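# Structure at a glance
The primary structure of each chain is shown beneath.
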Amino acid sequence: MTDNFERVRYEMPSEGVARIVLARPEAANAQDYLMLSELNDAFDLAAADEGVRVIILAADGKHFSSGHDLSASSPNMDDFPTVGTQCHFNAPGAEGYMAREAEMYLGLCWRWRNLPKPTIAQVQGKVIAGGLMLVWPMDMIVAAENVTFSDPVVAFNVNGCEYFVHPFEAGSRLAKEMLFTGRAIGADELLQRGMVNQVVPENDLEQATLELAAHIAKRPMFGLTLAKQSVNQALDAMGMYNSLQSAFSLHHVGHSNNKEVHGMLIDPAGLKIVRDEA
Ligand code: ZN
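Here goes a summary of the coordinates provided. Per chain, residues are indexed from 1 in the order of the written sequence. The model is predicted, so local features are restricted to residues of pLDDT at least 70 and side-chain atom pairs to those at 80 or more, both for listing and for counting; the totals for chains, interfaces and linings are taken over all residues. The basis for the side-chain values is all heavy atoms of the structure; hydrogens and waters are excluded.

## Thoughts on the overall build of the protein chain
Across its full length, the protein chain holds 10 helices and nine strands. Here the radius of gyration uses the C-alpha set of atoms, whereas the globule reference equals 2.2 Å times the residue count to the power 0.38. In summary, the protein chain has a C-alpha radius of gyration of 18 Å against a globular reference of 19 Å for 278 residues, a match within 12%. Overall size of the protein chain, expressed as C-alpha extent along the three principal axes, is 55 × 40 × 40 Å. Relative accessibility under 20% of the residue-type maximum defines a buried residue, over 50% an exposed one, and the middle range a partly exposed one, all with a 1.4 Å probe and only protein chains included. Considering the protein chain as a whole, with its 278 residues, one finds that 49% of them fall into the buried category. Note on contacts: a residue pair qualifies if any of its non-hydrogen atoms lie within 4.5 Å across the two residues. Pairs at least 24 residues apart make up 71% of the contacts formed inside the protein chain by residues separated by at least 6 positions. Taken as a whole, the protein chain presents about 12900 Å² of accessible surface, with 52% of it coming from carbon and sulfur. His is not counted here, nor are the chain ends, while Lys and Arg score as positive and Asp and Glu score as negative. By convention, charge coordinates are those of NZ in Lys, CZ in Arg, CG in Asp, or CD in Glu. The distance from the centre of the 21 positive side-chain charges to the centre of the 35 negative ones in the protein chain is 4 Å. Secondary structure is summarised from DSSP: a helix means a run of H or I of at least four residues, a strand means a run of E of at least two, and numbering begins at the N terminus for each. To be clear on the numbers: accessible area is Shrake-Rupley with a 1.4 Å probe, and residue cover counts the displayed protein chains and nothing else.

## Quick notes on empty space enclosed by the protein
Detection works on a 1 Å grid of protein atoms alone, calling trapped sets that fit a 1.4 Å probe cavities and calling open sets with protein on both sides within 12 Å along at least five of seven lines pockets, with lining residues defined by an atom within 4 Å of a point. Grid points are joined across faces, edges and corners, and a volume is the space filled by probe spheres set on the points. Within this structure, the stated rule accounts for one cavity of 30 Å³ or more. A volume near 40 Å³ is recorded for the largest cavity. Lining the largest cavity, in full, are Ser37, Asn40, Asp41, Pro81, Thr82, Val83, Glu103, Met104 and Leu108. Those elements that provide at least two residues to the lining of the largest cavity are α1 (33-48) and α2 (94-113). Only Asp, Glu, Lys and Arg are considered charged, only Ala, Val, Leu, Ile, Met, Phe, Trp, Tyr, Cys and Pro nonpolar, and every remaining residue, Gly among them, polar. In terms of residue class, the lining of the largest cavity is built from four nonpolar, three polar and two charged.

## Focus on the coordination of the zinc ion
Counted as donors are N, O and S atoms no farther than 2.8 Å from the metal, or 3.2 Å for Na, K and Ca; water is not among the atoms, and sites may therefore look incomplete. Around the zinc ion, the protein contributes the donor atoms Glu101 (OE), Glu101 (OE), Glu162 (OE), His251 (NE2) and His255 (NE2), which lie 2.1 to 2.3 Å from the metal centre. Between consecutive donors of the zinc ion, the numbers of intervening residues give the motif E-x60-E-x88-H-x3-H. Within this pair, His251 and its partner His255 are both found in helix α9 (residues 240-262), separated by four residues, close to a single helical turn. Each member of the pair, His251 as well as His255, is classed as buried.

## Points about the sheet that holds strand β8 (residues 185-186)
The three strands are arranged β5-β7-β8 in an open sheet whose pairing can be described as mixed. Both edges of this open sheet fall to β5 (126-128) and β8, since each of them pairs with a single strand only. Two strands are said to pair when DSSP picks up at least two bridges between them. Looking at chain direction, β5 and strand β7 (residues 148-150) are connected through three bridges and run parallel. By the bridge assignment, Val127 is partnered in β7 with Phe149.

## Notes on the sheet that holds strand β9 (residues 198-200)
Across the sheet, which stays open at both edges, the six strands sit in the order β1-β2-β3-β4-β6-β9 with mixed pairing between neighbours. Each edge of the open sheet is held by one strand with a lone partner, namely β1 (8-14) and β9. This sheet shows a mean twist of 20 degrees between the axes of neighbouring strands, independent of strand direction. Fitting a line to C-alpha atoms yields each axis, with helices limited to the stretch in contact; the angle taken between N-to-C directions then spans 0 to 180 degrees. Docked against the sheet, α1 engages β1, β2 (17-22) and β3 (54-59), running at close to 25 degrees with respect to β1. Along the sheet, helix α7 (residues 205-217) makes contact with β1, β2, β3, β4 (119-123), β6 (140-144) and β9, crossing β4 at roughly 170 degrees.

## Regarding the packing of α2 against α9
At their nearest, the axes of α2 and α9 sit 11 Å apart, and the two run at 150 degrees to each other. Between α2 and α9, the crossing angle belongs to the class labelled roughly antiparallel. In the crossing of α2 with α9, the sense of the turn from one axis to the other is right-handed. Touching Ala94, Tyr97, Met98, Glu101, Ala102, Leu106, Trp110 and Arg113 of α2 are Met240, Tyr241, Leu244, Phe248, Ser249, His251, His252, His255, Ser256 and Lys259, all from α9. By the definition adopted for this analysis, an angle is roughly parallel if under 35 degrees, roughly antiparallel if over 145, roughly perpendicular if from 65 to 115, and oblique otherwise. Crossing handedness is defined as follows: a turn of the near helix away from the far one that is anticlockwise and smaller than a right angle gives a left-handed crossing, while the clockwise case is right-handed.

Fair warning: the whole summary comes from geometry, so function is off the table for now.
Rendered as structure tokens:
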């Protein structure tokens, strides 16, 4: 595996710490399959490196991520080495596109969520829909004061982004409000709700995240892994994985309905709703 990527950058900013950076700021780090595939390779590199104990996921530019790249042409899965057990990506109908999203969205996110090393998201600016799909699988979140989290995709006639942990992250009332209204949640509210670990001035973001990572990296690897798995298993016992799978199925009922009614996976009228409210 190489660390020569197009859409992400792989760095070792201090001892025991790897940093993976989304490097497509000209497109607000919109995610195409190439970015997600490279991100997965970079996480695998960090996981396999005995010298890495903590992994930071950061992003170049003003915004962490604007979500899926809606302008990307339909991807050919032969271009992306798969890491899950999905197949029939080119099948017609729901079978093909459900398999693609199961591999590239839910499958990769769940893989990253279960990496055996602590992960920290370093976030600034807007984190929209699919952007949350990268942030929420991380263990901890350090946010700049200008950060906002939003998932406005109900406007596109689906339930939300594919890694549907909103009730676990925001609690059920705020999760419903986020989804029903598309409202962006700012840094103060994110901190107050326990949806991020720290809020720092934008200029201090990189340093504060690195200090936290370096602090954690002094601890023994196995202890960190056991602590992480213990918390994750508590979430799993609360039904996190089952609810993710249920919501993913409903997400695809939404896509299939849009395909029948509008001939595409999302309701095109959603773009105007989202743009008018931005
Ligand atoms: Zn989808």
